[in-house]
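Per-entry structural report
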Amino acid sequence: MLSVLIADDDHWATRGLARALAGEPELLVLPPVHSGAEAVAAHRAHRPSVTLMDLRMPGEVNGIDAIKAIRGEDPAARILVITAEAPGPQLVRAIAAGALGVIGKAARDEAVRTAVLAAGGAGTGGDEPRLLCGLVDDLLVAGDPRLMGESHSAGEPCRTGASRFGDQGAAPVVPEEPTAAELAVLKEVVRGKGYAQIAEDLFISVATAKSHTKALRRKLHAGNLAQLVVRALEYGYVS
């Protein structure tokens, strides 16, 4: 059974998310918390399988600060951002801090349960491409100018300039160039397709799809798949 911590200062939102998750027998919803500081303390006490984190919470510790603090104590922590509106530039900072993806508070109950189960899946480390569905659109709506570079194809030099990805530090102006096969997988990953679907669509094995994704993370200096999407936008591999 997966335990889930919900952190949001909106009590209606926490109740709604708790009701959505209650319909899944594999999930145990922990008592919700309503500030960043409470989220850090609750994660320390319970070590939940998945944490749902609002970014805009009152007090000295906001959602991004809480993500950083939690992952500082537990680097394997699996955290999804929850948002009721266009997340803005804070979304890039949350992903840089280690968030795995985003769930809209207005999402259907089934979509919320599916995302939490994917994030908490055994043996995945939270790296599940299905968590990325809609992330490109969310990032572009956020309006961060670093993500507006021109797209380019394999073999062309990167034209977007040095990456300045949040707290992850500067990446090389021109990363190690992905292969054509890796770029084909990248385009499917950022669409939020699962590895099995990617393998079927590209006529490769699931193991090959995962291997290409691992190589892409190394070449584009991404700690997880959400960071890979940001890097892909920054470097202009997707648009």
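Residues numbered from 1 in each chain as written. Predicted model: local features only at pLDDT ≥ 70, side-chain atom pairs only at ≥ 80, totals over all residues. Heavy atoms only, no water.

This next bit is on the overall build of the protein chain. Of regular secondary structure, the protein chain possesses 10 helices and 5 strands. Look at the contacts in the protein chain between residues 6 or more apart in sequence, and 68% of them connect residues 24 or more apart. Total accessible area computed for the protein chain in this model is approximately 10,500 Å², and 54% of it derives from carbon and sulfur atoms. (Helix = DSSP H or I, 4+ residues; strand = E, 2+ residues; numbered from the N terminus. Contact = heavy atoms within 4.5 Å. Areas by Shrake-Rupley, 256 points an atom, 1.4 Å probe, with all protein chains shown as cover.)

Below, the discussion takes up the confidence of the model for the protein chain. Close inspection of predicted coordinates is inappropriate for parts of the model with low pLDDT. Residues at a pLDDT of 70 or more form 82% of the protein chain, whose mean pLDDT is 85. Within the model, the stretch residues 148-169 combines pLDDT values under 50 with 57 contacts to residues more than four positions away or in other chains. (pLDDT = per-residue confidence, 0-100.)

The volume enclosed by the largest pocket comes to roughly 390 Å³. At the level of elements, β4 (79-83), β5 (101-104), α5 (109-119) and α6 (135-142) are the ones that each hand at least two residues to the lining of the largest pocket. Top contributing element to the lining of the largest pocket by residue count: α5, with 5 residues. A class-by-class count of the residues in the lining of the largest pocket yields 14 nonpolar, 6 polar and 4 charged. (1 Å grid on protein atoms, 1.4 Å probe; cavity = no way out; pocket = protein on both sides within 12 Å on 5 of 7 lines; lining within 4 Å. Points joined across faces, edges and corners; volume = space filled by probe spheres on them. Nonpolar A, V, L, I, M, F, W, Y, C, P; charged D, E, K, R; others polar.)

Time to look at the environment of Pro75. As for its position among the elements, Pro75 is in the loop between α3 (63-73) and β4. Sequence separation between Pro75 and Gly98 is 23 residues; the distance between their C-alpha atoms is 8.6 Å.

Turning our attention to the side chain of Asp8. Mapped onto the elements of the fold, Asp8 is located in the loop between β1 (2-7) and α1 (11-22). We classify Asp8 as buried; its relative accessible area is 0%. Ignoring any residue separated from it by four or fewer positions in sequence, one finds Asp8 in contact with Ala13, Thr14, Val33, His34, Asp54, Met57, Ile82 and Lys105. (Buried < 20%, exposed > 50% of the residue type's maximum accessible area, 1.4 Å probe, protein only.)

It is worth spelling out the packing of aromatic side chains at this point. Throughout the structure, instances matching the rule amount to 1 aromatic pair. Sitting over the face of the ring of Trp12, Arg15 holds its NZ or CZ atom 4.7 Å from the ring centroid. (Phe/Tyr/Trp six-rings, centres within 6.5 Å; stacked < 30°, edge-to-face > 60°. Lys NZ or Arg CZ within 6 Å of the ring centre and 35° of its normal.)

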